[in-house]
Amino acid sequence: LLHQEKPEYISNFLKNASYKKPKINSELLATEEPVFLVDSVITYTFSSDTDSLFDTRTINVYDANGNPTLTVNYRWSSATKDWIFSFKNENSYDADGNKCVVTWYNWDSDSNDWVFSMKNELSWDANGKLTLQANYRWHSNINNWVGNMKIESNYDANGNEILRVGYDWDSGIN
């Protein structure tokens, strides 16, 4: 299915996703100013005005350029009084620092292992403009990625987006 994209076409996920280059780069890291990257976050649920309980925990890992490469999310188990894996995502980047692949995993407590969930593949032009966003979902019954949707963009010589085309994957055909 091919159509000219309308704003409502983009799922909330892709519409709200940020794939711009991170503001932190090797030049910033080389300055004398301190650079702080969030390595972990713990959220709490307040059970009263004076008491709270653990809720979620997030651990972030960055590459040498300050790009987040791994984010692991946990949830608190009040039964075991311990953090339990929930989901994670892994990011990879090209030589210019553009995010190229984002892969999400869910924790499977039966197999005690991470299982694929979703993947986004991104392509950029020489000017750092996003030209392709492709989204896939993992299908365990065929043990493979299946396309969900993709968006292609073209730009003029001034870097203005002149065309955006969205495609939905037709699982009945493919």
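Here the structure is a predicted model, which means the values were calculated and not measured.

Colleague: Even after reading the chapter, I still don't get the overall build of the protein, so can you show me in this structure?
Modeller: For the protein, the helix and strand inventory stands at two helices and ten strands. Mapped in sequence order, the helices and strands of the protein form the string β-α-α-β-β-β-β-β-β-β-β-β. The buried share of the protein, reckoned over its 174 residues, is 27%. Residue pairs in contact within the protein that sit at least 24 positions apart in sequence constitute 27% of those at least 6 positions apart. Accessible surface, the protein as shown: approximately 11700 Å² in total, 49% of it carbon and sulfur.

Colleague: Is there a simple way to explain the environment of Asn154 in this structure?
Modeller: For Asn154, the position within the fold is in strand E9 (residues 144-155). Through-space distance from the C-alpha of Asn154 to that of Thr131 is 6.3 Å; in sequence the pair is 23 residues apart.

Colleague: Explanation requested: the confidence of the model for the protein in the structure shown.
Modeller: Mean pLDDT over the protein stands at 82; residues scoring 70 or higher make up 78%. Scored below 50 in pLDDT, residues 1-23 shows 52 contacts in the model against residues more than four places distant or in partner chains.

Colleague: I'm lost on the pattern of salt bridges in this one. Help?
Modeller: Where charged atoms of side chains with opposite charge meet at close range, the side chains can pair. Inspection of every chain in the model, using the stated rule, returns four salt bridges. Glu90 is the partner of Lys88 in a salt bridge, and the nearest nitrogen-oxygen pair spans 3.4 Å. Take Glu90: its relative accessible area is 30%, and that puts it in the partly exposed class. Salt-bridge contacts for Lys119 lead to Glu121; the nearest nitrogen and oxygen are separated by 3.2 Å.

Colleague: Explain the side chain of Lys119 to me, please; I cannot follow it from the model alone.
Modeller: Tracing the backbone shows Lys119 in strand E7 (residues 113-124). Judged by its relative accessible area of 14%, Lys119 falls in the buried class. Polar side-chain contacts of Lys119 include one of 3.2 Å to the side chain of Glu121. Those residues in contact with Lys119 that sit more than four places away from it in its chain are Val101, Val102, Thr103, Trp104, Ala134, Asn135, Tyr136 and Trp145.

Colleague: Would you mind going over the packing of aromatic side chains with me for this structure?
Modeller: Each aromatic ring pair is described using two quantities: the centre-to-centre distance and the angle formed by the ring planes. Within the structure shown, the criterion is met by twelve aromatic pairs. Note on Phe116 and Trp145: the rings are 5.0 Å apart at their centroids and 55° apart in plane angle, and the pair reads as tilted. Of this pair, Phe116 sits in strand E7 while Trp145 sits in strand E9, and the two are 29 residues apart along the sequence. The partly exposed category is assigned to Phe116, whose relative accessible area is 35%. Assessed through its relative accessible area of 19%, Trp145 is described here as buried. Counting every residue linked through ring pairs, the aromatic cluster contains Tyr44, Phe54, Trp76 and Trp83. Above the plane of the ring of Tyr105 lies Lys88, whose end atom (NZ or CZ) is 4.8 Å from the centre. The residue whose ring lies beneath Lys119 is Tyr136, and the NZ or CZ to ring-centre distance is 5.4 Å.

Colleague: Explanation requested: the pairing of strand E3 (residues 52-62) in the structure shown.
Modeller: Consecutive side chains along a regular strand alternate between the two faces of the sheet. Relative to E3, strand E2 (residues 40-46) runs antiparallel, the two sharing seven bridges. When the sheet's bridge partners are listed, Ser40 is paired in E3 with Ile59. Linking two consecutive strands that pair antiparallel, namely E2 and E3, is a turn of five residues. Sheet topology note: the E3/strand E4 (residues 68-77) ladder contains seven bridges and is antiparallel.

Colleague: What should I look at first to understand the nonpolar core in this one?
Modeller: A general trend in soluble globular proteins is that nonpolar side chains are found buried together. Core analysis: the largest hydrophobic core is formed by five residues, namely Val72, Tyr74, Trp83, Tyr105 and Trp114. Ignoring sequence-local partners within four residues, the contact set of Trp83 consists of Ile42, Phe54, Asp55, Thr56, Arg57, Tyr74, Arg75 and Trp76.

Rules of the game
- Residues numbered from 1 in each chain as written.
- Predicted model: local features only at pLDDT ≥ 70, side-chain atom pairs only at ≥ 80, totals over all residues.
- Heavy atoms only, no water.
- Helix = DSSP H or I, 4+ residues; strand = E, 2+ residues; numbered from the N terminus.
- Buried < 20%, exposed > 50% of the residue type's maximum accessible area, 1.4 Å probe, protein only.
- Contact = heavy atoms within 4.5 Å.
- Areas by Shrake-Rupley, 256 points an atom, 1.4 Å probe, with all protein chains shown as cover.
- pLDDT = per-residue confidence, 0-100.
- Salt bridge = Lys/Arg side-chain N within 4 Å of Asp/Glu carboxyl O.
- Polar contact = N/O pair within 3.5 Å; in protein donor to acceptor, adjacent residues only side chain to side chain.
- Phe/Tyr/Trp six-rings, centres within 6.5 Å; stacked < 30°, edge-to-face > 60°.
- Lys NZ or Arg CZ within 6 Å of the ring centre and 35° of its normal.
- Pairing = 2+ DSSP bridges.
- Core = buried A, V, L, I, M, F, W, Y, C linked by side-chain atoms within 4.5 Å.

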